[in-house]
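This is what each chain is made of:
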Protein chains: 2
Amino acid sequence: MARAATTADAFNAVAEPRRREILDLLAGGERPVNDLVDQLGLAQPQVSKHLRVLREVGAVDVRAQGRQRLYRLNGRALKPIHDWVKGYERMWSERFDELDAVLDDLKRKERGDDDDE
Amino acid sequence: MARAATTADAFNAVAEPRRREILDLLAGGERPVNDLVDQLGLAQPQVSKHLRVLREVGAVDVRAQGRQRLYRLNGRALKPIHDWVKGYERMWSERFDELDAVLDDLKRKERGDDDDE
DNA sequence: ATGTCATATTCCTATATCGGTATATAGTGT
DNA sequence: ACACTATATACCGATATAGGAATATGACAT
């Protein structure tokens, strides 16, 4: 077996830095392919191919306008990534240290150190 | 050129579902390889290879104890992923709708609709 | 019809994978 | 030294890439 297809899911699609760049550009609003080509400094066929991958995982939508194809971001496709990685946020965020302190307090109360029980 | 190496960065390393599973298991605490083999239902060499990739991107650390290798999660390696995808959270979270409303209010005040200026 | 602009697709090559199997390395006990 | 356990590495095969170059498709203007 080989590596999973880039179109297998958002995780694989977004592993390519160029595709993340494209999404970042589209975050600024709908754009035609040539705009992306200019901004990325990449050849047009390469951009079209990256866009195809992003389309297949649902991260972008297309709309035809004359001879242009306007690509629009669909960030919802990235939610699974966010959901997964969010579980690890506590590993580096100091704000979770404070939360941990609060939880420790709660646990201590549960054990019977409070006044009501 | 071929696809970027799985060891190129956390994005590529984590594109493989099995490796995400491994990290999820390690989130429960340090574990020897055979524990992971049992829980994943995967062959031992496969697990060792996945662990190597995760080690190379810094997502796990190893510690030798006797003939066992204890693997420990290092979630910090996932921060770049979190940082990137966080920018898209507004695309699906309703909570951001409320935030947007607040920001609109602020903007309106900036424009001079408030009492002080 | 023809030419031109915007984009997509096809063909190519080199490379890196994943799983499977076999084997190597290394620590432990006898 | 020898067997046994735990893990890592090497080798194989099939597959899917990413970029490059060339070409196809499709819309628009004349």
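Details of the structure are given in the entry above.
Residues numbered from 1 in each chain as written. Chains lettered and ligands numbered in written order. Predicted model: local features only at pLDDT ≥ 70, side-chain atom pairs only at ≥ 80, totals over all residues.

Visitor: Report on the nonpolar core, specifying residues and quantitative values.
Guide: Within the largest apolar cluster, 44 residues are counted, with the highest numbers of intra-cluster contacts made by Ala 10, Ala 59 and Ile 81 of chain A together with Ala 10, Leu 54, Ala 59 and Ile 81 of chain B. Setting aside chain neighbours within four positions, we find Ala 10 of chain A in contact with Val 57, Ala 59, Ala 77, Leu 78, Pro 80 and Ile 81 of chain A. (Core = buried A, V, L, I, M, F, W, Y, C linked by C-beta atoms within 7 Å. Buried ≥ 20, exposed ≤ 12 C-beta atoms within 10 Å, placed from the backbone. Contact = placed C-beta atoms within 7 Å.)

Visitor: So what's going on with the interface of chain B and chain A? Which residues, and what values?
Guide: Often, the extent of an interface is quoted as the loss of accessible area on bringing the components together. Each side of the interface is counted separately: chain B has 20 residues, and chain A has 20 residues. For the side of chain B that touches chain A, the secondary-structure elements that each account for two or more residues are α1 (10–13) and α5 (79–86) of chain B. Top element by residues in the side of chain B that touches chain A is α5 of chain B. It accounts for 5 residues. Looking at the side of chain B that touches chain A residue by residue, the classes come out as 11 nonpolar, 3 polar and 6 charged. (Helix = DSSP H or I, 4+ residues; strand = E, 2+ residues; numbered from the N terminus. Nonpolar A, V, L, I, M, F, W, Y, C, P; charged D, E, K, R; others polar.)

Visitor: A description of the protein's contact with DNA strand C should follow, citing residues and the corresponding values.
Guide: In the vicinity of DNA strand C there are 27 residues, among which Pro 32, Asn 34 and Pro 45 of chain A together with Ala 2 and Ala 5 of chain B approach most closely. Ranked by the residues each element gives to the surface near DNA strand C, the list is headed by helix α4 (residues 44–56) of chain A, at 6 residues. (Near = placed C-beta within 6 Å.)

Visitor: Before we move on, could you go through the relation of the copies chain B and chain A and cite the residues and values that matter?
Guide: Superposing chain B onto chain A takes a rotation of 180 degrees plus a shift of 0.1 Å along the axis, which leaves an RMSD of 0.2 Å. Viewed as a symmetry operation, the transformation between the two copies matches a two-fold axis. Most of the interface of chain B is mirrored in chain A: 100% of its interface residues are interface residues there too. (Least-squares fit on C-alpha atoms with pLDDT ≥ 70 in both.)

Visitor: Lay out the pairing of strand β2 (residues 60–65) of chain B with the relevant residues and their values.
Guide: All names here are of chain B. Here β2 pairs with strand β3 (residues 68–73) via 6 bridges, running antiparallel. Residue pairing in the sheet places Val 62 in a bridge with Tyr 71 of β3. Hairpin connection, β2 to β3: the antiparallel pair is bridged by 2 residues, and Gly 66 has positive phi, about 60 degrees. (Pairing = 2+ DSSP bridges.)

Visitor: Quick one: what's the story with α4 of chain A, residue by residue and with numbers?
Guide: Residues and elements named next belong to chain A. Here α4 spans 18 Å end to end across 13 residues, near enough to the 18 Å set by a 1.5 Å rise per residue. Listing the buried residues of α4 in full gives Val 47, His 50, Leu 51 and Leu 54. End-on view of α4: buried residues confined to an arc of 100 degrees, all on one side of the axis. Against the buried residues of α4 lie α1 (10–13), α2 (17–26), α3 (33–40), β2 (60–65) and β3 (68–73). Positioned one or two residues after α4, Gly 58 has a phi angle of 80 degrees, which is positive. (Expected span 1.5 Å × (residues − 1). Arc of directions from axis to C-beta.)

Visitor: Describe the pairing of β3 of chain B, naming the residues involved and giving the relevant values.
Guide: Relative to β3 of chain B, strand β1 (residues 31–32) of chain B is paired through 2 bridges, and the arrangement is antiparallel. Each bridged residue has a counterpart across the sheet, and for Pro 32 of chain B the counterpart in β3 of chain B is Leu 70 of chain B.

Visitor: Any chance you could break down the sheet that holds β2 of chain B for me, citing the residues and the numbers?
Guide: Residues and elements named next belong to chain B. With antiparallel pairing, 3 strands are arranged side by side in an open sheet as β1-β3-β2. The open sheet has two edge strands with one neighbour each: β1 and β2. Sitting on the sheet, helix α2 (residues 17–26) touches β1, β2 and β3, and the angle it makes with β3 is about 90 degrees. (Axes fitted to C-alpha atoms, helices over the stretch in contact; angles between N-to-C directions.)

Visitor: Summarise the environment of Thr 6 of chain A; cite the residues concerned and give the values.
Guide: By the secondary structure assignment, Thr 6 of chain A is in the segment before α1. Under the C-beta neighbour-count criterion, Thr 6 of chain A is labelled buried, with 22 such atoms within 10 Å.

Visitor: Go over the protein's contact with DNA strand D, please, and point to the residues and values.
Guide: Of all residues adjacent to DNA strand D, which total 27 residues, the nearest are Ala 2 and Ala 5 of chain A together with Pro 32, Asn 34 and Pro 45 of chain B. Contributions of two or more residues to the surface near DNA strand D are made by α4 of chain A together with α3 (33–40), α4 (44–56) and β3 of chain B. With 6 residues, α4 of chain B is the largest single contributor of residues to the surface near DNA strand D. Its residues assigned to classes, the surface near DNA strand D shows 11 nonpolar, 8 polar and 8 charged.

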